[in-house]
Amino acid sequence: MAARTKIVVMALCIFLGWAGWTGLEALLHCSPKAKTAGSAADGTGGQDMGAKVTKTKKEWKAALTPEQYDVMIQCGTEPPFSGKYNDFWGKGTYFCAACGAPLFDSNTKYDHGTGWPSFTSPLTGPAVDTKDDISHFTHRIEVRCATCGAHLGHVFDDGPGPDGKHYCINSAALRFAPFDAARRDAGAATPPTPQAATPASPRPAAVETAVFAAGCFWGVEYKFGQVPGVLETQVGYTGGLTKNPSYEDVCTDATGHAEAIRVTFDPTKINYEDLVRKFFSFHDPTQLNRQGPDVGTQYRSAIFYRDAVQKTAAEKVRAEMEKSGALRKRIVTDIVPAGEFYKAEEYHQQYYEKNKIKSCGF
Ligand code: MHO
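Rules and cut-offs
- Residues numbered from 1 in each chain as written.
- Predicted model: local features only at pLDDT ≥ 70, side-chain atom pairs only at ≥ 80, totals over all residues.
- Heavy atoms only, no water.
- Helix = DSSP H or I, 4+ residues; strand = E, 2+ residues; numbered from the N terminus.
- Areas by Shrake-Rupley, 256 points an atom, 1.4 Å probe, with all protein chains shown as cover.
- Buried < 20%, exposed > 50% of the residue type's maximum accessible area, 1.4 Å probe, protein only.
- Pairing = 2+ DSSP bridges.
- Disulfide = S-S within 2.5 Å.
- Contact = heavy atoms within 4.5 Å.
- Axes fitted to C-alpha atoms, helices over the stretch in contact; angles between N-to-C directions.

Caption draft 1: Up close: the overall build of the protein. On a plain count of helices and strands, the protein comes out with nine helices and 17 strands. A total accessible area of about 17,700 Å² is found for the protein, and carbon and sulfur atoms account for 58% of it.

Have a look at this one:
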C-alpha cells in the first residue's frame with residue numbers, strides 16, 4: 001500500500017472509531033435520541049421507563065422552548081449558575097416543565113454550590129425514575145420524570161440529608177408554582193408529600209437576585225449591604241467571555257468582564273426599581289469605563305437584568321434619571337441581559353468587613 005493510501009486508511013479508521021463511540025455514547029446516554037420503539041420522544045409515540053405521558057419528538061419540539069427541548073429531550077445540561085431556579089428560594093412545588101407532573105418540594109431544596117438547583121429527595125410517587133448514564137466516559141445516574149420520561153438531571157451521593165442523595169436538576173426542566181397555586185393547579189386537596197423534607201429555611205417566602213456593576217466591587221458591595229431588604233451580597237465577574245476568570249485576569253481589561261455585585265433581596269422589603277435607584281446613587285453613571293481612579297472596562301457601569309420585568313424597570317429608572325437633569329452629563333450605564341456570574345476570590349468577598357479599609361469610594 002502506498003504511504004498516502006495508508007494515511008487515508010488510518011484516518012478513516014480513527015474517524016469511524018470516533019463516530020461509532022459517539023453514536024454509542026449518545027444511544028446509551030439519552031434514549032430519547034435513539035430511534036428505539038417505546039421511547040417517550042423517539043418519534044414513535046411509545047412509552048419510556050413506565051412513562052404515562054407520551055409525545056413524538058416533533059410534538060415535544062412544538063411544546064417546549066429550544067432550551068427545554070435541548071435539556072429535556074436531547075439530555076443537554078444548562079450552564080452552571082445560569083438557570084432561573086439555581087438561586088431561587090420560593091416556597092412551593094417544582095413541576096416537570098414538559099408534562100406538568102409534580103417533582104420536588106421546595107423544602108427539600110438546598111444550595112449545593114455547583115450552580116444547579118439541588119434537592120435532597122423527589123416527591124413520593126415516585127415522581128422520578130433513574131437510569132445508568134455512561135456518557136462522557138463516566139458513570140452517573142440520570143434522573144427522569146416518571147410521568148413523561150423527560151431528562152431532568154443527575155443524582156449523586158454527596159447530598160446533606162440522611163440518605164446522602166443530591167438531585168442535581170436543570171432549571172430548564174422545572175416549572176415552579178407557590179404552594180397555594182400549586183395545589184390549585186394540581187387540583188389536589190393536600191399538597192404533595194416530600195419523601196424527606198429538610199427543615200424549613202429561615203429565608204422569606206420568595207427572594208430575588210439582581211446583578212450590578214458600578215466600579216470597584218469592594219465599595220459597591222458594602223453600600224448594597226447597608227440597604228434594608230438586602231439579604232446577601234456577593235462580588236464576582238460577569239459580562240465577558242473568559243470562563244472562570246481570576247481577579248488578575250479581569251484587571252488586564254481583556255476579559256470583557258466587569259467587577260460586579262450579585263444582590264439577593266426580599267422583594268417585600270425593597271423592590272427591584274428602588275434597588276436600581278440605589279445603584280444609581282452609589283456611583284457616577286456618567287463616567288465611561290471608569291469610576292474615579294479605577295480605569296478600564298472592568299469598572300464600567302452596568303445593570304445585568306435577569307428577565308423582561310427587570311429590564312423594563314431598569315430602563316424606566318435610567319430614563320427618569322436622565323429626565324430629572326440631576327446629572328450634568330449623559331448616563332452611560334449599560335442595561336444588558338445577565339450572563340454567567342463568576343464569584344470572585346474569597347478575599348474579595350465582604351472586603352470592607354474583613355479589612356476595615358475604606359477605599360473605592362466609600
Ligand atoms: N483601586 C483599587 C481597585 C480594587 S478593585 C477590587 C485598587 O487598585 O486596589 O478593583
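After that view of the structure, there is still more to cover.
Caption draft 2: Representation of unusual backbone geometry. The residue C75 is not glycine, and still its phi comes out positive at about 60 degrees. Its location among the elements puts C75 in the loop between α3 (66–73) and β1 (92–96). Assessed through its relative accessible area of 7%, C75 is described here as buried. Here F81, not a glycine, exhibits a phi torsion of approximately 60 degrees, which is positive. With respect to the helices and strands, F81 occurs in the loop between α3 and β1.

Caption draft 3: Structural context of the pairing of strand β2 (residues 102–105). Here β1 pairs with β2 via three bridges, running antiparallel. Its bridge partner being in β2, F95 is matched across the sheet by P102. Linking two consecutive strands that pair antiparallel, namely β1 and β2, is a turn of five residues; a positive phi of about 85 degrees is found at G100 within it.

Caption draft 4: Structural view of the state of the cysteines. A full pass over the atoms with the stated rule returns zero disulfides. Note on C96: no disulfide assigned, nearest cysteine sulfur contributed by C99 at a separation of 3.8 Å.

Caption draft 5: Highlighting the sheet that holds strand β12 (residues 258–265). The sheet built from six strands is open, its strands ordered β16-β15-β10-β12-β11-β17 with mixed pairing. With one partner strand each, in any of the chains shown, β16 (334–337) and β17 (342–343) form the two edges of the open sheet. Here four bridges tie strand β15 (residues 301–305) to β16, and the two strands are oriented parallel to one another. Paired with I303 across the bridge in β16 is I335. Relative to the sheet, helix α5 (residues 217–225) contacts β10 (208–214), β11 (230–238) and β12, its axis offset from that of β11 by approximately 160 degrees.

It is worth stressing that arrangement in space is one thing and function is another; only the former is reported here.
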